[in-house]
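# Structural overview for review
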Amino acid sequence: MRRGALSLVLVGLAASCGEALITYPLKGQLYHEAEDCLDEEGVLDVIEGEAEGTCEGVRCFRSLESGDYFVTAQCEAPPGYEDGSAEVGGVCEKALAAYARGDAICPEGND
């Protein structure tokens, strides 16, 4: 009996390991408030699930883990991020204004 039960557990584990995990890259630009500039666009995070639809313009998300602000074309804030695009007078407003200027790319080596 023990051997049969162990076999069932192993088969169950093998089946669950074979399932493909769906992920997508969250792309955007990190905003540096002190310098009022954005990094070049890159992958900010890899998110489990599928990206939500398309939208016009960009959004400003804040990472709940690091507190960093990002400008992204992603429509919906994924888990672990909050959308601050509509805030007035805050960091997101500054980040979106830097993006709109189009010339606010940080010098290389800015961290």
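These lines cover the structure that appears in this document, whether it is placed above or below. (Residues numbered from 1 in each chain as written. Predicted model: local features only at pLDDT ≥ 70, side-chain atom pairs only at ≥ 80, totals over all residues. Heavy atoms only, no water.)

### Brief notes about helix α2 (residues 91-101)
Because an α-helix packs 3.6 residues into every turn, residues spaced three or four apart end up facing the same way. Those residues of α2 that fall on the buried side of the exposure criterion are V91, C92, A95, L96 and A98. The buried residues of α2 all sit within an arc of 155 degrees when viewed along its axis, so they share a single face. Structurally, α2 contributes buried residues whose contacts are with β1 (23-32), β2 (37-38), β4 (59-63) and β5 (69-72). One or two positions beyond α2, positive phi appears at G102, with a value near 80 degrees. (Buried < 20%, exposed > 50% of the residue type's maximum accessible area, 1.4 Å probe, protein only. Helix = DSSP H or I, 4+ residues; strand = E, 2+ residues; numbered from the N terminus. Arc of directions from axis to C-beta. Contact = heavy atoms within 4.5 Å.)

### Examining the pairing of β4
Examined bridge by bridge, β4 and β5 share four bridges and lie antiparallel to one another. Bridge assignment links F61 to a residue of β5, and that residue is F70. Between β4 and the antiparallel strand that follows it, β5, lie five residues; G67 among them carries a positive phi value of about 85 degrees. In this sheet, strand β6 (residues 81-83) lies alongside β4 in antiparallel orientation, the contact comprising three bridges. Of the residues in β6, the one forming a bridge with F61 is D83. (Pairing = 2+ DSSP bridges.)

### Brief notes about the pattern of salt bridges
Scanning the model with the defined rule gives four salt bridges in all. The salt bridge partner of E33 is K94, with a shortest N-O separation of 2.9 Å. Placement of E33 in the loop between β1 and β2 and of K94 in helix α2 is noted, with a sequence separation of 61 residues between them. Where R62 meets E82, a salt bridge forms, and the shortest distance between an N and an O atom there is 2.8 Å. (Salt bridge = Lys/Arg side-chain N within 4 Å of Asp/Glu carboxyl O.)

### Observations regarding the state of the cysteines
Summed over the entire model, instances satisfying the criterion amount to three disulfides. Each disulfide pairs two cysteine sulfurs, and for C37 the partner residue is C106, the sulfurs being separated by 1.9 Å. Disulfide C37-C106: torsion about the S-S bond near 100 degrees, hence right-handed. With C37 in strand β2 and C106 in the segment after α2, this pair connects stretches of sequence that are 69 residues apart. The side chain of C55 participates in a disulfide bridge whose partner is C75; the two sulfur atoms lie 2.2 Å from each other. With the S-S dihedral at roughly -115 degrees, the linkage between C55 and C75 falls on the left-handed side. With a gap of 20 residues between them, C55 in the loop between β3 (42-48) and β4 and C75 in the loop between β5 and β6 connect regions that are remote in the sequence. (Disulfide = S-S within 2.5 Å.)

### A closer look at the side chain of Q74
By secondary structure assignment, the location of Q74 is in the loop between β5 and β6. A polar atom in the side chain of Q74 sits 3.4 Å from the side chain of Y24. In this structure Q74 touches Y24, L26, A51, E52, C55, R59 and F61, once residues within four positions along its chain are discounted. (Polar contact = N/O pair within 3.5 Å; in protein donor to acceptor, adjacent residues only side chain to side chain.)

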